[in-house]
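Chain by chain, the residues run as shown.
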Amino acid sequence: MKKYSKLIIAAIIALIFIGTFVFLWQKSQPKEVVYNEFTPKLDSIQKTTIITGKIEPRNEVNIKPQISGIISELLKEPGDYVNAGDVIAKVKVIPDMAQLSSAEMRVRLAEINLKQAQTDFEREQNLFNQKLVSADEFDKVKISLNQAKHEKLAAQDALEVVRDGVSKSNAKASSTLIRSTISGVILDIPVKVGNSVILSNTFNDGTTIATVANMKDLIFRGNIDETEVGQLVNGMNMKITIGALQDLKFDAALEYISPKAIESNGTNQFEIKAAVKLVEGGKIRSGYSANAEIVLDKANKVLCIPESAIEFSGDSTFVYVIKGKGKNKTYDRTFVETGLSDGVNIEIKKGITAKDKVRGPEIVTDDNEK
């Protein structure tokens, strides 16, 4: 019994040894290299580029006060639509003490002059009624009285403007009422009631009360690389995709290409602007991030193959044309003249025809990967 057990164990060891030998021999044998095969076909190729940018109103205006003071009331909120001339806020004037003192002094002098002119007029009128003075002398005194009255009104208006920012005579054009200069949507009101504001002058830009824009006239603004800008011309169509509105696409027309480059991340880029054509139901907000797809070049019904089948050697390009079948299959390295490429397929101008078949990349199997 022990004799048979030894024989069985020996047989098992022999089988394992033989199996291992066969396995290693098979693994050491060179495997047939298999390639993808492509047939040239007529198709259309277009070269596109994606430009990253944002959506902006063409006309965006900062509303600034004409006087300095404190915001006393806000009548509008961001998102409200306003017409040109609508009041957005009211400003309470904080008068300059030197100007106020000067205006008050002017009023007092005007009152004194008016009182004296009134006395002179009454005296001259009595003399004129008694025919003791000529009509010419009386008219001069009468004119002086009218001038004194107008000076009193002008001084009073000046005092009200310095003290209150508005006078009774120009209440409708009051500079304390901050009005929108254009019709559009209020994008932002960066001030609150109680904030101090200053008017715009030579030394200061002034405080922005509100930002108003026409949201029906929008543009796409972005930058394109210098290697592609030479292929752009005004009027080219673009497709705009907004990150926040993935289901909507908008057409746009290129209308501006900057003549000067700006450096960004070590590369030269040129600013472009395109007029966005809005569609119904697509409410766009100012500042949305967007991508613009633009076709730089296009070739219709041309012979093309996958670019992966091309061998690049210096400035020349080659393909391997398949000859024969089965074990007799050979690959003939052939020069080809290429044209437009979209990154996947490439145009073939010369070298092969639609009847040829070309070799593609090697087919990699799991065994090869291991």
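Everything numeric here is computed off the predicted structure, so don't read it as measured data.

1. Some remarks on the overall build of the chain
At step 1: Along its length, the chain carries 5 helices and 20 strands.
At step 2: Across the 370 residues in the chain, those meeting the buried criterion constitute 30%.
At step 3: As displayed, the chain has an accessible area near 24,100 Å², and 52% of this comes from carbon and sulfur atoms.

2. Some words on the pattern of salt bridges
At step 1: One pass over the full model with this rule turns up 13 salt bridges.
At step 2: Measuring nitrogen to oxygen at the nearest pair gives 3.0 Å for the salt bridge that ties Asp 217 to Arg 58. With Asp 217 in the loop between β10 (210–213) and β11 (218–225) and Arg 58 in the loop between β2 (41–57) and β3 (60–63), the pair connects residues that are 159 residues apart, well separated along the chain.
At step 3: Under the relative-accessibility criterion, Arg 58 is labelled partly exposed at 39%.
At step 4: Each of Lys 54, Glu 56, Arg 221 and Glu 271 takes part in a single network of salt bridges with overlapping partners.

3. Section: the pairing of strand β14 (residues 267–277)
At step 1: Pairing geometry for β11 and β14, over 7 bridges, is antiparallel. Residue pairing in the sheet places Ile 219 in a bridge with Ala 275 of β14.
At step 2: Bridge analysis of strand β13 (residues 245–264) against β14 gives 10 bridges, and the strand direction is antiparallel. Paired with Ile 257 across the two strands is Ile 272, which belongs to β14.

4. A short note on the side chain of Glu 347
At step 1: Within the secondary structure, Glu 347 sits in strand β19 (residues 345–350).
At step 2: Here Glu 347 occupies a buried position and makes no salt bridge, while the nearest side chain of opposite charge, Lys 349, is found at 5.2 Å.
At step 3: When neighbours within four sequence positions are excluded, Glu 347 is seen to be in contact with Ile 45, Ala 299, Val 302, Leu 303, Cys 304, Glu 337, Thr 338, Gly 339 and Leu 340.

5. Concerning the sheet that holds strand β7 (residues 177–179)
At step 1: Pairing is antiparallel in the open sheet, where 4 strands are placed in the order β7-β6-β4-β9. Each end of this open sheet is capped by a strand with a single partner; those strands are β7 and β9 (196–197).
At step 2: Sheet topology note: the strand β6 (residues 87–93)/β7 ladder contains 3 bridges and is antiparallel. For Lys 90, the partnering residue across the bridge sits in β7 and is Leu 177.

6. A few points about the packing of aromatic side chains
At step 1: Per the counting criterion, the structure on display carries 1 aromatic pair.
At step 2: Ring plane angle 75° and centroid distance 5.9 Å describe the contact between Phe 318 and Phe 335, whose orientation is recorded as edge-to-face. Placement of Phe 318 in strand β17 (residues 316–323) and of Phe 335 in strand β18 (residues 330–341) is noted, with a sequence separation of 17 residues between them.
At step 3: Residue Phe 318 is classed as buried on the basis of its relative accessible area, which comes to 16%.
At step 4: Phe 335 gets classed as partly exposed once you look at its relative accessible area, which sits at 47%.

7. Side note on unusual backbone geometry
At step 1: Notably, Asn 265 is not glycine yet its phi reads approximately 55°, a positive angle.
At step 2: On the secondary structure map, Asn 265 appears in the loop between β13 and β14.

8. Some points on the sheet that holds strand β5 (residues 81–82)
Hydrogen bonds between backbone groups are what pair the strands of a sheet, and the pairing can be parallel or antiparallel.
At step 1: As summarised here, the arrangement of the 4 strands in space is β3-β10-β8-β5, forming an open sheet in which the pairing is antiparallel. Here the strands that pair on one side only, and so sit at the sheet edges, are β3 and β5.
At step 2: Summarising the sheet, β3 and β10 pair through 4 bridges and their orientation is antiparallel. Across the sheet, residue Val 61 finds its bridge partner in β10, namely Val 212.

9. Thoughts on the nonpolar core
At step 1: Ranked by size, the top nonpolar core spans 27 residues in total, and within it Ile 55, Phe 220, Leu 232, Met 238, Ile 240 and Ile 242 carry the most contacts.
At step 2: Contacts of Ile 240, omitting those with residues within four sequence positions, involve Ile 55, Phe 220, Leu 248, Lys 249, Phe 250, Ala 252, Ala 290, Asn 291 and Ala 292.
At step 3: Within the second largest apolar cluster, 18 residues are counted, among which are Ile 63, Ile 67, Val 82 and Ala 89.

10. What about the environment of Ile 209?
At step 1: By the secondary structure assignment, Ile 209 is in the loop between β9 and β10.
At step 2: A residue is classified by how much of its surface remains accessible, and Ile 209, at 0% relative accessible area, is buried.
At step 3: Along the primary structure Ile 209 and Lys 192 are separated by 17 residues, whereas in three dimensions their C-alpha atoms are 9.0 Å apart.
At step 4: If near-sequence neighbours (up to four positions away) are discounted, Ile 209 is found in contact with Ile 63, Lys 64, Pro 65, Ile 71, Ala 89, Ile 178, Asp 188, Ile 189, Pro 190, Val 191 and Val 197.

11. Notes on the side chain of Ser 180
At step 1: Tracing the chain through its elements places Ser 180 in the loop between β7 and β8 (184–188).
At step 2: Setting aside residues up to four positions removed in sequence, Ser 180 forms contacts with Ile 63, Val 82, Asn 83, Ala 84, Gly 85, Asp 86, Ile 88 and Val 212.

12. So, the pairing of β6
At step 1: Burial of β6 is extensive: 5 of the 7 residues sit out of reach of the surface.
At step 2: Direction of pairing for strand β4 (residues 69–74) relative to β6: antiparallel, over a ladder of 5 bridges. Paired with Ile 70 across the two strands is Lys 92, which belongs to β6.

13. A closer look at the environment of Glu 122
At step 1: Here Glu 122 shows up in helix α2 (residues 97–129).
At step 2: Residues Glu 122 and Lys 142 lie 20 residues apart in sequence; the distance between their C-alpha atoms is 9.4 Å.

14. Describing a nonpolar patch on the surface
At step 1: Together, Ile 8, Ile 12 and Ile 16 make up an exposed nonpolar region whose accessible area comes to about 300 Å².
At step 2: Looking at the secondary structure, you find Ile 8 in helix α1 (residues 2–28).

Cut-off values and rules
- Every chain is numbered on its own, with residues counted from 1 as its sequence reads.
- For a predicted model such as this one, the threshold for reporting local features is a pLDDT of at least 70, and the threshold for listing and counting side-chain atom pairs is 80 or more; totals across whole chains, interfaces and linings nevertheless cover every residue.
- The basis for the side-chain values is all heavy atoms of the structure; hydrogens and waters are excluded.
- Helical segments are the DSSP runs of H or I of at least four residues, strand segments are the runs of E of at least two, and each set is numbered from the N terminus.
- Exposure classes here rest on a 1.4 Å probe applied to the protein chains alone. A residue is buried below 20% of its type maximum, exposed above 50%, and partly exposed in between.
- All accessibility values rest on the Shrake-Rupley procedure with a 1.4 Å probe; residue burial counts only the protein chains present in the view.
- Any Lys or Arg side-chain nitrogen found within 4 Å of a carboxyl oxygen on Asp or Glu counts as a salt bridge.
- Should DSSP find at least two bridges between two strands, the strands are regarded as paired.
- Note that His is not counted, nor are the chain ends; the positive residues are Lys and Arg, and the negative ones are Asp and Glu.
- Here a residue-residue contact requires only that any non-hydrogen atoms of the pair lie within 4.5 Å.
- Stacked, edge-to-face and tilted labels apply to pairs of Phe, Tyr and Trp rings (six-membered ring for Trp) whose centres lie within 6.5 Å, assigned for plane angles under 30 degrees, over 60, and everything in between, in that order.
- For this analysis, a nonpolar core means a set of buried residues of the types Ala, Val, Leu, Ile, Met, Phe, Trp, Tyr and Cys, connected via side-chain atoms within 4.5 Å.
- For patch building, the residue pool is restricted to those with more than 30% relative accessible area and no salt bridge; the joining distance is 9 Å between like charges and 5 Å between nonpolar side chains (Val, Leu, Ile, Met, Phe, Trp, Tyr).

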